[in-house]
Amino acid sequence: MSTDTSAPTIVLVHGAFADSSSWNGVVERLRAQGHSVIAAANPLRGLDSDAAYVASVLDSVEGPCVLVGHSYGGSVITVAAAGKSNVEALVYIAAFIPDEGESALQLTDKFPGSTLGPTTRPASYPLPDGGTGTELYIRQEQFHQQFAADVPAATAELMAATQRPVALDALQQPATATAWRGIRSYALITGEDKNIPVEAQRFMAQRAGSEAVEVAASHAVSVSTPDVVAALIARAAAGE
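Residues numbered from 1 in each chain as written. Predicted model: local features only at pLDDT ≥ 70, side-chain atom pairs only at ≥ 80, totals over all residues. Heavy atoms only, no water.

Draft legend 1. A look at the packing of helix α2 (residues 47–59) against helix α3 (residues 72–80). α3 packs onto α2 with a crossing angle of 65° between their chain directions and a minimal axis gap of 8 Å. Taken as a pair, α2 and α3 cross one another with a handedness that is right-handed. In this structure, α2 contributes Leu-47, Asp-50, Ala-51, Val-54, Ala-55 and Leu-58 to the contact, and α3 contributes Tyr-72, Ser-75, Val-76, Val-79 and Ala-80. The residue makeup of the contact of α2 with α3, split by class, is nine nonpolar, one polar and one charged. (Axes fitted to C-alpha atoms, helices over the stretch in contact; angles between N-to-C directions. Helix = DSSP H or I, 4+ residues; strand = E, 2+ residues; numbered from the N terminus. Left-handed = near helix turned anticlockwise from the far one by under 90°. Contact = heavy atoms within 4.5 Å. Nonpolar A, V, L, I, M, F, W, Y, C, P; charged D, E, K, R; others polar.)

Draft legend 2. Quick look at the sheet that holds strand β6 (residues 132–138). Strands sit in the order β5-β6-β7 across an open sheet of three strands; the sheet is antiparallel. The outermost strands of the open sheet, each flanked by one partner alone, are β5 (120–126) and β7 (166–167). For β5 and β6, the ladder comprises seven bridges, and the chain directions are antiparallel. Considered in β6, the bridge of Pro-126 is made with Thr-132. (Pairing = 2+ DSSP bridges.)

Draft legend 3. Expanded view of helix α10 (residues 226–238). The end-to-end C-alpha separation of α10 is 18 Å, in line with the 18 Å expected for 13 residues at 1.5 Å each. Along α10, the positions that sit buried rather than exposed are Pro-226, Val-229, Ala-230, Leu-232, Ile-233, Ala-234, Ala-236 and Ala-237. Backbone geometry just downstream of α10 places Gly-239 in the positive-phi region, at approximately 75°. (Expected span 1.5 Å × (residues − 1). Buried < 20%, exposed > 50% of the residue type's maximum accessible area, 1.4 Å probe, protein only.)

Draft legend 4. Quick look at unusual backbone geometry. The backbone of Ser-71 sits at a positive phi, close to 60°, despite the residue not being glycine. Along the polypeptide, Ser-71 turns up in the loop between β3 (65–70) and α3. For Ser-71, a relative accessible area of 6% puts it in the buried group. In this structure, Ala-94 is a non-glycine residue whose phi angle is positive, near 45°. Along the chain, Ala-94 falls in the loop between β4 (87–93) and α4 (104–109). With relative accessibility at 0%, the residue Ala-94 sits in the buried group.

Draft legend 5. The arrangement of the side chain of Thr-108 in detail. Looking at where Thr-108 falls in the secondary structure, it is placed in helix α4. Aside from chain neighbours lying at most four places away, what touches Thr-108 is Phe-96, Ser-114, Asn-195 and Pro-197.

Draft legend 6. Layout of the packing of aromatic side chains. Considering all chains together, one arrives at two aromatic pairs under this definition. Positioned above the aromatic ring of Tyr-125 is the side chain of Arg-45, whose terminal nitrogen or guanidinium carbon lies 4.5 Å from the ring centre. Its end group placed over the ring of Tyr-137, Arg-121 keeps NZ or CZ at 4.4 Å from the ring centre. (Phe/Tyr/Trp six-rings, centres within 6.5 Å; stacked < 30°, edge-to-face > 60°. Lys NZ or Arg CZ within 6 Å of the ring centre and 35° of its normal.)

Draft legend 7. Representation of helix α1 (residues 24–32) in the model. Of the residues making up α1, those classed as buried are Gly-25, Val-26, Val-27 and Leu-30. On its buried face, α1 is in contact with β1 (9–13), β2 (37–40), α9 (221–224) and α10. After α1 finishes, the residue Gly-34 shows a positive phi value of roughly 95°.

Draft legend 8. Seen up close, the pattern of salt bridges. Overall, the coordinates contain nine salt bridges when judged by the stated rule. Of the charged contacts in the structure, one is a salt bridge between Lys-84 and Asp-59, with a shortest N-O distance of 2.8 Å. Here Lys-84, found in the loop between α3 and β4, pairs with Asp-59, found in helix α2; they are 25 residues apart in sequence, far enough to count as distant. The closest approach of N and O atoms between Glu-199 and Arg-202, which form a salt bridge, is 2.5 Å. Pair noted here: Glu-199 and Arg-202 are both in helix α8 (residues 198–208), with a separation of three residues, about one helical turn. Looking at Glu-199, the relative accessible area reads 39%, which means it is partly exposed. Look at the salt bridges and you will find they share partners, linking Glu-28, Arg-29 and Asp-227 into a network. (Salt bridge = Lys/Arg side-chain N within 4 Å of Asp/Glu carboxyl O.)

Draft legend 9. Representation of the layout of surface pockets in the model. Volume-wise, the largest pocket comes out at about 280 Å³. Surrounding the largest pocket, 19 residues form its lining, Phe-17, Leu-105, Thr-108, Leu-116 and Leu-171 being those nearest its centre. Considering each element in turn, the lining of the largest pocket owes the most residues, four residues, to α4. Taken together, the residues that form the lining of the largest pocket break down as 11 nonpolar, seven polar and one charged. Approximately 200 Å³ is the volume found for the second largest pocket. Along the wall of the second largest pocket there are 15 residues; nearest its centre are Asp-19, Ser-21, Ser-22, Met-159 and Thr-162. Sorting the residues of the lining of the second largest pocket by element identifies α1, α5 (140–147) and α6 (153–162) as the ones contributing at least two each. The greatest single-element share of the lining of the second largest pocket, amounting to four residues, is contributed by α6. Looking at the lining of the second largest pocket, its residues break down into seven nonpolar, seven polar and one charged. (1 Å grid on protein atoms, 1.4 Å probe; cavity = no way out; pocket = protein on both sides within 12 Å on 5 of 7 lines; lining within 4 Å. Points joined across faces, edges and corners; volume = space filled by probe spheres on them.)

See below:
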């Protein structure tokens, strides 16, 4: 492990229907290269509150950071990094790159191709104020083909069973800040993605001026193709 305190810490933020273990293959590769890595637990309860939590993780890191978001985690890092002078780069992995006022659901619907909606099931959960919220799961029997078609079936079954549900409000809340306007960014675009249409990913990356790489992979690219994901993050950390 590197002891270079000037090297950025890489902070990974998972998206909906996943947890921090989805980064395991990427973490292993980055650590082998000497990078310091934190895989944050994204609450998936609301964009503003999720971003505030990730911002607190950034505040706990000494020195510079590279902030990485997968899927809905891209919306989270876009808001969380606003005003954070220690964030040197943003890396979007099969992710939303919203402009201010845009929600994840709006961006999903901007281009055709997503088949996520019919594969989800809603569930109710209690809110702190005594009310009731709605969260979404991907139906376990459809998880492999929808989310992780290029992941071995046995692995996908475990991912389906351990998935973290996302609050519907989180997907509907618009971004209140746009950190990519002031921070260099990179994007990994997944050509076989059934959650976020590839054309939506290309549109968002081009609009943000991101250094973009395309790969023939499913939405679960951090699990199926961790070498490619780690390589792009390492580029961002090196400022290349």
